[in-house]
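In case you want the letters, here they are:
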Amino acid sequence: AARLAVANVRLQAEVRSRVAEVAASRRRIVQAADTQRRGLERRLRRGAEQRLGRVAELLSDSGPPLAEVAVGLAAARAELREFARGVHPAALVEGGLAAAVTELAGRSPVPIQVTAPSGRLPAAVEAAAYFVCSEALANIAKYAHASQASVRLETGEGVLAVEVADDGAGGADPAGGSGLRGLVDRVEALGGRLGIDSPPGRGTRLTAQLPLSEVTGTGLLDPEVP
């Protein structure tokens, strides 16, 4: 009986250790992916986008025959900026979560009220919160038929709480698309939780709890230099 008890304690310790290793591995994967996104966004912005800008300047000084080419270049630059923003928004790196979510809300066809802390948070938490808001606002614009929505971000007790709510049609199904499933994986990889409350005809409320200590063990961080 004593040997069985000792073996059981040892197995439980090994299981806990394996679970901790898996959780740490998931966090590293998410953080590595975000680092790659930031690097790609910087290369696009500092490389191809700048070169296209210089070509556009040269063409604008070359007279009317090249005007059509200049228009095409301007469109290509706009598409490139939009692609870079989707990979990893420059506003998130340069201005923080509040600035990035405010910019995101400003592009929405539905009026969005944003409440967000002004300080910087761990990069992985900011990225996760941003993509939660981005996916939720995209779904509101596409499916909710809402007249208004709100985004609320609050820190307290070592957690960033995210809430995106609308007054639309409701009835959202988390199992209906890959976007929300991807958000669940991202949030849970950081030790957080994501929930959705969407009764038909009564709007949708998406929430996420992102622990700050799971990422850094501290609260606010200095802004990351792009």
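Residues numbered from 1 in each chain as written. Predicted model: local features only at pLDDT ≥ 70, side-chain atom pairs only at ≥ 80, totals over all residues. Heavy atoms only, no water.

A. How the structure looks around the pairing of strand β3 (residues 159-166). Across eight bridges, the pairing between strand β2 (residues 149-156) and β3 is antiparallel. When the sheet's bridge partners are listed, Ala149 is paired in β3 with Asp166. Connecting β2 to the next strand, β3, in antiparallel fashion are two residues, including Glu157 with a positive phi near 55 degrees. Two elements, β3 and strand β5 (residues 204-211), share eight bridges in a ladder whose sense is antiparallel. Within β5, the residue paired with Ala165 across the bridge is Arg205. (Pairing = 2+ DSSP bridges. Helix = DSSP H or I, 4+ residues; strand = E, 2+ residues; numbered from the N terminus.)

B. Highlighting the packing of aromatic side chains. Evaluated as defined, the whole model comprises one aromatic pair. Taking 5.5 Å as the distance between ring centres and 80 degrees as the angle between the ring planes, the aromatic pair formed by Tyr130 and Phe131 counts as edge-to-face. (Phe/Tyr/Trp six-rings, centres within 6.5 Å; stacked < 30°, edge-to-face > 60°.)

C. Layout of the nonpolar core. Counting 38 residues, the largest nonpolar core has Leu97, Leu160, Val162 and Leu210 as the members making the most contacts within it. Sorting the residues of this core by element identifies α3 (90-95), α4 (97-106), α5 (123-144), β2, β3, α6 (178-189) and β5 as the ones contributing at least two each. Looking at this core element by element, the count peaks at 13 residues for α5. When residues no more than four places from it in sequence are discounted, the contact partners of Leu210 are Val125, Ala128, Ala129, Gly158, Val159, Leu160, Val162, Val187 and Leu190. (Core = buried A, V, L, I, M, F, W, Y, C linked by side-chain atoms within 4.5 Å. Buried < 20%, exposed > 50% of the residue type's maximum accessible area, 1.4 Å probe, protein only. Contact = heavy atoms within 4.5 Å.)

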